[in-house]
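Here is how the chains run, residue by residue.
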Amino acid sequence: MELLELMKYRRSIRKYQDWQISRDDMETIIEAGTYAPNAGGGQRSIIVGVRNAELTEKIGRLNVARFDRTRLSGSYVSTDQPSIIDDSTMKSGFYGAPAVCIVFAMKNFLYSIPDAFCCAENMVLMAAELGISSCVIARGEETFDNEIGAALLREWNIPENYIARCFVILGYCDGDYPQPKLRKAHRAKIIE
Ligand SMILES: Cc1cc2nc3c(=O)[nH]c(=O)nc-3n(C[C@H](O)[C@H](O)[C@H](O)COP(=O)(O)O)c2cc1C
């Protein structure tokens, strides 16, 4: 697909089939993440791919365990792809996706958050090109700030000075794929 067309096509998907993505596709998506622009050319972010539906669900539940909904009244994200903000009964912040990529970045590096989200953007676009649905997910730090999360970080040999900044959940859309979303007007200008 032509790049701008792909960008318009890509949507955040929160309804997934059980079907797992292939290892080759996950490797390609991670490779795309590693080619993201990165502050100072430091290539500091680390990406861990989990291609295991059970483990993905476990992490997804940790992702939402400490989510504070009390300050969200009145806001909503999507009617056709409802988020945890729209539906307070949801138990996983990963929406039943069978796979997830976790982007870790250095705790004390000034640009660690933008670095991680640049990786995520490359990954969701790569996924869309491969026909795989995705969604960027926040709350990296709190997801692993508990005993189960800390044990996973040790198992994966994540360096002490690294922190999870975001996730890209991956899988195949269950039901109708949403249409491109209309853009709000007057958000850009060009000065000559
Ligand atoms: C920084 C960032 C954080 C996000 N965090 C979440 C999240 O935690 N949960 C979620 O369901 N969607 C999350 N999203 C996805 C947005 O809700 C989504 O991009 C937005 O509603 C626009 O919809 P679209 O991606 O389909 O165009 C996040 C997106 C960004 C850029």
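None of these values were measured; they are calculated from a predicted model.

The rules behind each value
Residue numbers run consecutively from 1 along every chain, following the written order of its sequence. Local features in this predicted model are restricted to residues of pLDDT 70 or higher, and side-chain atom pairs are both shown and tallied only at a pLDDT of 80 or more, whereas totals for entire chains, interfaces and linings draw on every residue. The term nonpolar core refers to a set of buried Ala, Val, Leu, Ile, Met, Phe, Trp, Tyr and Cys residues connected through C-beta atoms within 7 Å. With C-beta atoms placed from the backbone, the exposure class of a residue follows from how many other C-beta atoms lie within 10 Å of its own: 20 or more, buried; 12 or fewer, exposed; in between, partly exposed. Each residue gets a C-beta atom placed from its backbone, and two residues are in contact if those atoms lie within 7 Å. Axes here refer to lines fitted to C-alpha atoms; in helices the fit is confined to the stretch in contact. Angles between the N-to-C directions go from 0 to 180 degrees. Strands here are runs of E lasting at least two residues and helices are runs of H or I lasting at least four, both read from the DSSP assignment and numbered beginning at the N terminus. Each crossing gets its handedness from the near helix: less than a right angle anticlockwise from the far helix is left-handed, clockwise is right-handed. When residues are sorted by character, Ala, Val, Leu, Ile, Met, Phe, Trp, Tyr, Cys and Pro go into the nonpolar class, Asp, Glu, Lys and Arg into the charged class, and all the rest, Gly among them, into the polar class. Should the C-beta atom of a residue, placed from the backbone, lie within 6 Å of a molecule or strand, that residue is near it.

Q: Let's hear about the nonpolar core: which residues, and what values?
A: Core analysis: the biggest nonpolar cluster contains 41 residues, and Val-100, Cys-101, Val-103, Met-123, Val-168, Ile-169 and Leu-170 have the highest contact counts within it. Discounting chain neighbours no more than four positions away, the residues touching Met-123 are Ile-29, Ala-32, Gly-33, Cys-101 and Val-168.

Q: Break down the packing of helix α2 (residues 23-34) against helix α4 (residues 112-129) for me, with residues and values.
A: Axis separation between α2 and α4 bottoms out at 7 Å; the angle between their running directions is 145 degrees. For α2 against α4, the interelement crossing comes out right-handed. Here α2 contributes Thr-28, Ile-29, Ala-32 and Gly-33 to the contact with α4, which in turn contributes Cys-119, Asn-122, Met-123, Met-126 and Ala-127. Each residue belonging to the contact of α2 with α4 can be placed in one class, and the counts come to six nonpolar, three polar and no charged.

Q: If you had to explain the site of the ligand to someone new, which residues and values would you point to?
A: Neighbouring the ligand are the residues Arg-11, Ser-12, Arg-14, Val-77, Ser-83, Phe-117, Cys-135, Val-136, Ile-137, Ala-138, Arg-139 and Lys-181. Broken down by element, the residue count for the shell around the ligand peaks at three residues, all from strand β3 (residues 133-137). Counted by class, the shell around the ligand contains six nonpolar, two polar and four charged residues.

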